[in-house]
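Here are the chains, one letter per residue:
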Amino acid sequence: MNFLNQALLWGLAAVSLPIIIHLLNRRRFRREPWAAMRFLKVSVEQNQRRMKLEDWVLLLVRCAMIALLALLMARPVMEGLSGVPGSKVAAAIIVDNSASMGTRETESTRLSLAREAAHAILSGFPGGTSVALAGAFHAHEASNDLELVAARIDEIPQTDRHADLQRSLEVAARGLEGQAASVKELYLVTDAHAAEWGSFGALEARLRDIAMGIKVHLVTVGAPVRSNLAISSLRPAATLTSVNQPFRIDVDVTNHGDVPMSAVPVKLLVDGQPEGEAWIIDELQPGDGQSATLYATLPTPGYHRVTVALKGDKMPFDDRRTVVIKAREEVSVLLVDGDPGQEARDSETFFLRHALAPVPEEEQTDYPVQPRIVSISDLAEEDLNRHHAVVLANVADVPLGFADRLSRYVEAGGGLIVFAGGNLRPESYNTLLHRKHGLLPVAFSTDDEDAVGPRTVVPAETNPLGLDSDLLAGVVFRKKLGLEAGEMEYRPALRYDDGGLALTESEYGRGKVFVFNSSADLEWNDFAIRPAFVPFVNRLLGKIVQNREAGLNVEAGQVLRHRLDVGLAGRPATIYEMRDPEALGYLTTLAGGESSSVLKFDRTGRAGAYQVAIEGESEPLLFSTRASVRESSPELLGSEQLGRLGAFVELSRWESMSKQGSFGMERQGAELWWPLLLTVILFGAIEIVLAQWFSRSK
Amino acid sequence: MDAETRKLLDPRAIARAEALGMNARFIVEGYMAGEHKSPYRGFAIEFAQHREYAPGDDVRHLDWKVQAKTERYYIKQYEQETNFVAHLLLDGSESMKYGSGEISKLEYGKMMAACLAYLILHQRDSVALGIFDEEVQEYLPRSDNRDNLFRIMDRLAGFEPLRGTRLAPVLHGMAGQIKRKGIVIVISDFFDDEEELLQSVQHLRFKGHEVILMQVLDPCEIDFPFTGNVEFEGLEDLPLIRTRPSQIKKSYHREFEEFRERLRADVERHQCHFVGARTDQPLDEVLANYLTFRKSTAG
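Fair warning: this is a prediction, and the values are worked out from it, not measured in the lab.

Novice: Mind showing me how you'd approach the overall build of chain B here?
Specialist: Scanning chain B from terminus to terminus reveals ten helices and ten strands. Taking the contacts inside chain B whose residues are at least 6 apart along the sequence as the reference set, 75% of them involve residues at least 24 apart.

Novice: Can you walk me through the overall build of chain A in this structure?
Specialist: For chain A, the helix and strand inventory stands at 13 helices and 37 strands. Residues classed as buried in chain A amount to 42% of the 698 residues present. The contacts of chain A with a sequence gap of at least 6 include a subset with a gap of at least 24, amounting to 75%.

Novice: So what exactly am I meant to see when it comes to the interface of chain A and chain B here?
Specialist: A common way to state how big an interface is: give the accessible area lost once the parts meet. Tallying the contact residues gives 24 residues for chain A and 28 residues for chain B. Sorting the residues of the side of chain A that touches chain B by element identifies strand S2 (30-34) and helix H2 (37-74) of chain A as the ones contributing at least two each. Element by element, the count of residues in the side of chain A that touches chain B is highest for H2 of chain A, at eleven residues. Grouping the constituent residues of the side of chain A that touches chain B by class yields eleven nonpolar, six polar and seven charged.

Novice: What's the story with the pairing of strand S6 (residues 183-190) of chain A in this structure? I'm lost.
Specialist: Along any regular strand the residues' side chains alternate between the sheet's two faces. Residue and element names in this part refer to chain A. Burial of S6 is extensive: eight of the eight residues sit out of reach of the surface. Residue alternation in S6 divides its side chains into two sets, Val183, Glu185, Tyr187 and Val189 and Lys184, Leu186, Leu188 and Thr190, and both sets are buried. Pairing of strand S4 (residues 89-95) with S6 involves seven bridges; the strand directions are parallel. Across the sheet, isoleucine 94 pairs through a bridge with leucine 188, a residue of S6. Sheet topology places S6 next to strand S7 (residues 215-221); six bridges connect them, and they run parallel. For leucine 188, the partnering residue across the bridge sits in S7 and is leucine 218. Viewed along the sheet, the connection from S6 through helix H6 (residues 200-213) into S7 turns out right-handed.

Novice: Please clarify how the environment of leucine 494 of chain A should be interpreted in this entry.
Specialist: Residue and element names in this part refer to chain A. Counting through the fold element by element, leucine 494 comes out in strand S25 (residues 491-496). In this structure the C-alpha to C-alpha distance between leucine 494 and proline 464, which are 30 residues apart in sequence, comes to 9.0 Å. Filtering out sequence-adjacent residues up to four positions away, leucine 494 remains in contact with Val457, Pro459, Ala460, Ala502 and Leu503.

Novice: Can you walk me through the sheet that holds strand S32 (residues 591-592) of chain A in this structure?
Specialist: Each strand in a sheet pairs with another by means of backbone hydrogen bonds, the pair being arranged parallel or else antiparallel. Residues and elements named next belong to chain A. Here we have three strands laid out as an open sheet, ordered S29-S33-S32, and antiparallel in their pairing. Strands with a single pairing partner mark the edges of an open sheet, and in this sheet they are strand S29 (560-564) and S32. Here S29 pairs with strand S33 (residues 597-601) via five bridges, running antiparallel. If you follow histidine 562 over to S33, its bridge partner there is leucine 599.

Novice: Hey, could you run me through the environment of leucine 356 of chain A in this one?
Specialist: Residue and element names in this part refer to chain A. Position of leucine 356 among the secondary structure elements: in helix H7 (residues 350-356). Between the C-alpha atoms of leucine 356 and leucine 541, which are 185 residues apart in sequence, the distance is 8.5 Å. Ignoring anything within four residues of it in the chain, the contact list for leucine 356 reads Val333, Val369, Pro371, Val537 and Leu541.

Novice: How should the nonpolar core be read in this particular structure?
Specialist: Where a protein is soluble and globular, its nonpolar side chains tend to be buried together. If you look at the biggest cluster of nonpolar residues, it comprises 73 residues, and the most contacted ones within it are Leu88, Met112, Ala113, Ala117, Ile185 and Met214 of chain B. Among the elements that line this core, the one with the most residues is helix H4 (residues 105-122) of chain B, at twelve residues. In this structure methionine 112 of chain B touches Ile187, Met214, Leu283 and Val286 of chain B, once residues within four positions along its chain are discounted. If you look at the next biggest cluster of nonpolar residues, it comprises 70 residues, including Val418, Tyr429, Leu472 and Ile544 of chain A.

Novice: For this particular structure, what's the right way to read the packing of H2 of chain A against helix H9 (residues 249-269) of chain B?
Specialist: Two numbers describe a pair of packed helices, the interaxial angle and the distance between the axes. Across the interface, H2 of chain A lies against H9 of chain B with an axial gap of 9 Å and an inter-helix angle of 135°. Relative to H9 of chain B, H2 of chain A is oriented oblique. The two elements H2 of chain A and H9 of chain B meet at a crossing, and its hand is right-handed. Taking contact as the criterion, the partners of Phe39, Leu40, Val42, Ser43, Gln46 and Asn47 of chain A in H2 of chain A are, on H9 of chain B, Ser251, Tyr252, Glu255, Phe256 and Phe259 of chain B. Counted by class, the contact of H2 of chain A with H9 of chain B contains six nonpolar, four polar and one charged residues.

Novice: Where do I start with the packing of H2 of chain A against helix H13 (residues 673-695) of chain A in this structure?
Specialist: Residue and element names in this part refer to chain A. Direction vectors running N to C along H2 and H13 enclose 155°, while the axes themselves pass 9 Å from each other. On the basis of their axis angle, the class for H2 and H13 is roughly antiparallel. H13 is crossed by H2, and the crossing has left-handed handedness. Two secondary-structure elements touch here, H2 through Glu54, Val57, Leu58, Val61, Arg62, Ala64, Met65, Leu68, Leu69, Leu71 and Leu72 and H13 through Trp673, Leu676, Leu677, Thr679, Val680, Phe683, Gly684, Ile686, Glu687, Leu690, Ala691 and Phe694. Here the residues of the contact of H2 with H13 sort into 18 nonpolar, two polar and three charged.

Novice: What is the right way to look at the sheet that holds strand S5 (residues 136-143) of chain B in this model?
Specialist: Residues and elements named next belong to chain B. One open sheet holds the six strands; their spatial order is S5-S4-S3-S6-S7-S10, and the pairing between them is mixed. Either end of the sheet is taken by a strand with one partner, and the two such strands are S5 and strand S10 (273-278). Adjacent strand axes in the sheet meet at a mean angle of 15°, parallel and antiparallel pairs treated alike. For strand S6 (residues 183-188) and strand S7 (residues 210-217), the ladder comprises six bridges, and the chain directions are parallel.

What counts, and at which threshold
- Residues numbered from 1 in each chain as written.
- Chains lettered and ligands numbered in written order.
- Predicted model: local features only at pLDDT ≥ 70, side-chain atom pairs only at ≥ 80, totals over all residues.
- Helix = DSSP H or I, 4+ residues; strand = E, 2+ residues; numbered from the N terminus.
- Contact = placed C-beta atoms within 7 Å.
- Buried ≥ 20, exposed ≤ 12 C-beta atoms within 10 Å, placed from the backbone.
- Nonpolar A, V, L, I, M, F, W, Y, C, P; charged D, E, K, R; others polar.
- Pairing = 2+ DSSP bridges.
- Right-handed = clockwise from strand over helix to strand, strands pointing away.
- Core = buried A, V, L, I, M, F, W, Y, C linked by C-beta atoms within 7 Å.
- Axes fitted to C-alpha atoms, helices over the stretch in contact; angles between N-to-C directions.
- Parallel < 35°, antiparallel > 145°, perpendicular 65-115°, else oblique.
- Left-handed = near helix turned anticlockwise from the far one by under 90°.

Next up, the structure:
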């Protein structure tokens, strides 16, 4: 026998109360002088035994009543007993709704089977059972309204997220531990997808702990899948996406199944419409991955959905992936020339201008990148906000007013690229842009120009610009300015072959900053005449331009946080899931920040594109989510692993059309409070009757 | 001046005795004022003459022989006898101290004795007084002198109980001591051995005495109204009894009533008279009871 409120067993000490009262009463007598003792003595002698017996009976009844009351409060539970009215069952049902539960079965999906199983489990509970229903990511409050729980089962959504089922079990078990019930049951309805259990050893240990006080049922649904092709990566190769300018998209496809696949078509869709011919992967061995290269063209300015799709298989969530890309008609770059020179070719920005617009003069007006060259003296009249990026090329000093404007411009989303050179005076940059505004994450060394000797550069570890090392290998660097890192955050993008910093990348407000410590012309290196220079300059610009759309492509389940113009703060916005036009939109309000407004959205469970309609804005914003790649492996827990779990977990398998009512048949253990309450009432009645009867004169 | 005289002159004793005497006189004469006939006439008297019957006369005194001869109604009239003796024996044991109200059984008994003494002396009979517990503690020999009344009152008023009750030896003793036949009136609660008591009463009857047993009881002794846990402390050095009275009330009532009925029946079986009194009962009712009895016996 167990007790649900063991602490209240201390109430058994109250059994001493009637005894104490009895003993105290025996000591408390009123003294009365008396003459007719003879008759009194006879009467007492005649009744003494009866009175003692009555006293004992009453005392026993009172003690028993209090003992029973204390036991009742402690809520005893008799194991191996069933069918006692008033026994309470507390249960938690976790229905796995991770991406793998979307796997197709004969007639439905694994999640549909899981919902059926959950309904069957629910129908096996006695009335009054407290049931907490949870998906893999969200738990409802426990409820005694089984109809409400049944309705909630049908509302559990399919997601494309990766689940941590150990954590879900922990949460459900903690909820059950806090409940007072004779029977506690935890049901996990899942496909036993191996990737969702983390370390099996840890899972086994934790389940064993939980099963000490809670009856754990593992209900599996779904049949194993032998093949699954998945899009494991989708990368737009071009960093600048302009209207009607084809750009490359690199796609990685992985065979997660155990059978080889051949002639795998990879299709491209732009805004839902097929684009070009499908790329065919000839053969894909189990466990292998291959890349496909596709080309897309965005027809209009604004946001577009670029989707890559495989032929659908049983695990559909990873057969499509969408990214949102913004197309621009024109990208304007302001080149501030610190050393114009006598001839155009001698100017500091000559190579930069040609790298940004590598087309003949007559075609430059139609080219999407529009460089504009100004000298430092012209900056006062220049509206920085017209430009996507500002390049300071060997500019000697940064005027005080320009430094202020520049910091505001970058904070609002602009881009800044600084090239060093012989004219650049470190004190000016360090004082205004590094220390005062924190715009530059590093300071230039004030030592004399640091001759580096013939050196080359290599991409940093992450190669954020995606540059080809071989192309960079031919570039010779003769001079540079030293860079001194402070406490501000930055990422190295290029390093010299001795490990020294060459290029840093950092964020400032909504904008992006690159610092290159060598020159943009041929003064300190021959980079400008090497093939690597054009992609280098364009990718710097692409990173700056794309930075505004950074965070618009997230993994399913991640919280979307996208910064927008500060003027949009407080505006209402409605978010629609584009794959389901009939779905209701989610209402939200753009939050305010110091220099921007923020769109925050956490209901990103389904993979695909979402549309955000912001009040007052004519063009909608798009963003996309992708299914978790961790869900793509079709591997399930093996029979050996399930056998080990079966030592302490009730294992059952739910097939479509399984017989209802198979759950709860073995439920044992009954709470005895109801019979105890009746007994207490009976004892109370007996006490009243006996007390009246015994106190009658005899 | 001897001790007896000094005691009589003690102002407190005089006050006590006078109070008792005054009370007795008040009670007796108050009772007499309501009666048409003299209580002094009617017992212990010799025939004097006839008188013609008048309405209101007791028909028991009609002379039927004269009526048979003359066909007229005549009442027999008697002369008082002056040498009648009444022995008042008052139980002064500790059990008589009990009183739940304003008055104890002993105080009530004293008042009864005082009233009877007053009544009898005014009838020009003799009264002897004995106060006893285990033995006779106070005794005033018989006297028909009304001046003796104060002495009786004084003895009654000044008596304080100290010991337990032993009725039988006392009555046996009195039966042996009293030479002249008379009325022996015993005032007590009679909480004593019934068998021995009856033997002693029989002894008195054997000696030719009229015996009247007047039982004085407290209302609580009859009703037993106690509740809760009570520790009864015996007034005659009896051990304590702890009990819950409400649970034995019926049993007590049964025992007590059986005792009273048995005593009454046994006493009457021995041609004695039994008068029961409660201390919350007016004394004149008790006196009326007594005088009714006397009239019936004299009639």
